[in-house]
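Chains, contacts and geometry: an overview
The residues making up each chain are set out below.
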Amino acid sequence: MAEANGLPTPGFYLRTRPHGFVVHLVASGDNLRTVRELTGKTLASAGVDAGTAESAQLVVSELVGNSVRACGEWVPLVVEVSVARGAVLLGVHDPDPAGVPRRRAVAMDDADAESGRGLALVDLLTSGWRVARSPVGKQVRCRLGPAVG
């Protein structure tokens, strides 16, 4: 579990890995902020440049947001962040195997659009993404790189 002020944080179970982490969490605003911060700190300590780390934080936020839209608030998620072979690898696993993310026909520069640009942003910031189905749902995986200079 993560700890805040020395106390366990319910709905947030963190496992560190060499050059990364995996966290099981219940989707909430506080937990998303914690994952974003952890992503930035973890990638910085692994030698990832600041621009790529910031992009990874945005992508994690978008993938978590897509899972919340597909499954609802307080959905259990697994977020994985790691650095391997000079690239940042990201994955968000949720329990809905059918709720595959879909691109919308919204222009990135559409000032009136309130949503619909997220996957276009993921396309722009990553070298691609894919969906892998599992017995308990699906995982959206992507790669940012090269990230280590």
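Residues numbered from 1 in each chain as written. Predicted model: local features only at pLDDT ≥ 70, side-chain atom pairs only at ≥ 80, totals over all residues. Heavy atoms only, no water.

1. Here's the deal with the pattern of salt bridges
Put simply, the test is: Salt-bridge detection follows one rule: a side-chain nitrogen of Lys or Arg within 4 Å of a carboxyl oxygen of Asp or Glu. The classification of residues rests on relative accessible area computed with a 1.4 Å probe and restricted to protein chains. Under 20% of the type maximum is buried, over 50% is exposed, and intermediate values are partly exposed.
Applying the stated criterion across every chain yields a total of four salt bridges. Between Glu62 and Arg69 there is a salt bridge, and its shortest N-O distance comes to 3.1 Å. Residue classification places Glu62 among the buried residues on the basis of a relative accessible area of 17%. One salt bridge connects Asp94 with Lys138, and the closest N-O pair in it is separated by 2.8 Å.

2. Examining the pairing of strand E3 (residues 12-17)
Put simply, the test is: Two strands form a pair only when DSSP identifies at least two bridges running between them. Numbered from the N terminus, helices here are DSSP runs of H or I no shorter than four residues, and strands are runs of E no shorter than two.
The pairing of E3 with strand E4 (residues 20-26) spans six bridges and is classified as antiparallel. Paired with Phe12 across the bridge in E4 is Leu25.

On their own, these measurements won't tell you what the molecule is for.
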